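Results of the structural survey
What follows is each chain in one-letter form.
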Amino acid sequence: MQNEKDLFDMLKEIYPQHPRKEFVSATENTLRQRARSMGKKRIFTKFSVITSGVLVCAFIFSWLFSLNGSGTVSEVAHSDGGASLSYAMDEKEPVVYIYHSHNTESFIPELPAQEINQMIYSDTKNVTLLGKELSRALKEMQINSVHDETNIAGILKRRGLNYWESYKVSRENLQKVLAENDSIRMVFDIHRDSQKRRESTIEIKGKDYARIKFVVSKTSGNYETNKIFATQLHEQLEVLYPGLSIGVIEKGVDPQNTYNQELHDNSVLLEVGGIENTLEESYRTMDVFAEVLKVIIEKSK
């Protein structure tokens, strides 16, 4: 087992000066992984201190030598050939994870008549675009996120799985990202509801918005904490845009489904709009929801 001095000596030999950001990121990940494998809280604390020290030194060197501060993009290709999992890596760690268990859920106004079917699905114009808009809006507010654009429907088809097994597939990337990013504080699985326009739309200040619903699983081990979090989201949204939120809905009993919410304390399934909403209306809602997340994050500091 290496002690603190051994680790610092190793770091000096590998990269004695002028560390690049890639080096800092790799070092931090290595130390975190070592700490996790030891499985002891006190040792994890010691490694956290070491990590902080290394990062401070690295940022000082970066400032002194005017290193390029722009972020780089990391892509992790899915083993089944689905869309890549891409997110910006810079000095700020990701706080929000966004994904789509039913990634092909679409909207009637966005589809040609010949493509409209009973379930309203599309390989291109679907809820994945809502996650992309939310991620963009958060970035403008200096909040980093991971947006998983994996083609879950495509993976189900290739593996010969049923539609109800979507959550098992989306769980794979979720577990991976949470294991590699302990900075994640919120997890959102974005869907589209099946309601008609009169229930799924609200006019606010002359513009139409797709209403949003917060779904919490009653069979999840984190049911109570997730419900509290969902209620907080609903209440804050009511402050900014009254009526935009339909409220907190409890599901997952019949049929039983945890929606993967047992993997994180602040995990909620979002149903944004209905089959008759447009992408533009749903984008407006995502922009407002980003404001809600910003307020909640700032309150928790």
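Residues numbered from 1 in each chain as written. Predicted model: local features only at pLDDT ≥ 70, side-chain atom pairs only at ≥ 80, totals over all residues. Heavy atoms only, no water.

Mapping Ala 153 onto the fold places it in helix H5 (residues 152–159). Excluding residues within four positions of it along the chain, Ala 153 makes contact with Asn 103 and Thr 104. (Helix = DSSP H or I, 4+ residues; strand = E, 2+ residues; numbered from the N terminus. Contact = heavy atoms within 4.5 Å.)

The subject of this paragraph is the nonpolar core. Counting 39 residues, the largest nonpolar core has Phe 188, Phe 214, Leu 233, Leu 270 and Phe 289 as the members making the most contacts within it. Here the element with the most residues in this core is helix H9 (residues 279–299); it accounts for 9 residues. Excluding residues within four positions of it along the chain, Leu 270 makes contact with Phe 188, Asp 189, Ile 190, His 191, Ile 212, Lys 213, Phe 214 and Phe 289. Judged by nonpolar contacts, the second largest core, of 8 residues, contains Tyr 97, Tyr 99, Leu 174 and Leu 178. (Core = buried A, V, L, I, M, F, W, Y, C linked by side-chain atoms within 4.5 Å. Buried < 20%, exposed > 50% of the residue type's maximum accessible area, 1.4 Å probe, protein only.)

Glancing now at the pairing of strand S3 (residues 96–99). Burial along S3 is two-sided: Val 96 and Ile 98 and Tyr 97 and Tyr 99, pointing in opposite directions, are all buried. By the bridge criterion, 3 bridges tie S3 to strand S4 (residues 145–148) in an arrangement that is parallel. Paired with Ile 98 across the two strands is His 147, which belongs to S4. (Pairing = 2+ DSSP bridges.)

Let's shift gears to the side chain of Thr 150. Within the secondary structure, Thr 150 sits in the loop between S4 and H5. Thr 150 sits in the buried class, given a relative accessible area of 3%. Looking at Thr 150, its side chain comes within polar contact range of the side chain of Asn 173, at 2.9 Å. (Polar contact = N/O pair within 3.5 Å; in protein donor to acceptor, adjacent residues only side chain to side chain.)

This next bit is on the side chain of Asp 189. Along the chain, the position of Asp 189 falls in strand S5 (residues 186–191). Within the buried core, Asp 189 has no salt-bridge partner, and the shortest N-O distance to an opposite charge, that of Arg 171, equals 10 Å. In this structure, Asp 189 is in contact with Tyr 99, His 100, Ser 101, Tyr 167, Val 268, Leu 269 and Leu 270, ignoring residues within four places of it in sequence. (Lys, Arg positive; Asp, Glu negative; His and termini not counted. Salt bridge = Lys/Arg side-chain N within 4 Å of Asp/Glu carboxyl O.)

Once that is clear, we can look at the pattern of salt bridges. A full pass over the atoms with the stated rule returns 17 salt bridges. Residues Arg 136 and Asp 287 are paired through a salt bridge, measuring 3.5 Å at the closest nitrogen-oxygen approach. Pair noted here: Arg 136 is in helix H4 (residues 128–140) and Asp 287 is in helix H9, with a separation of 151 residues, a long-range link. In this structure, Glu 280 and Arg 284 form a salt bridge, with 3.0 Å as the shortest nitrogen-oxygen distance. Taken together, the positions of Glu 280 and Arg 284, both in helix H9 and 4 residues apart, correspond to about one turn of that helix. Within this structure, Glu 133, Arg 136, Glu 140 and Asp 287 form a network of salt bridges that share partners.

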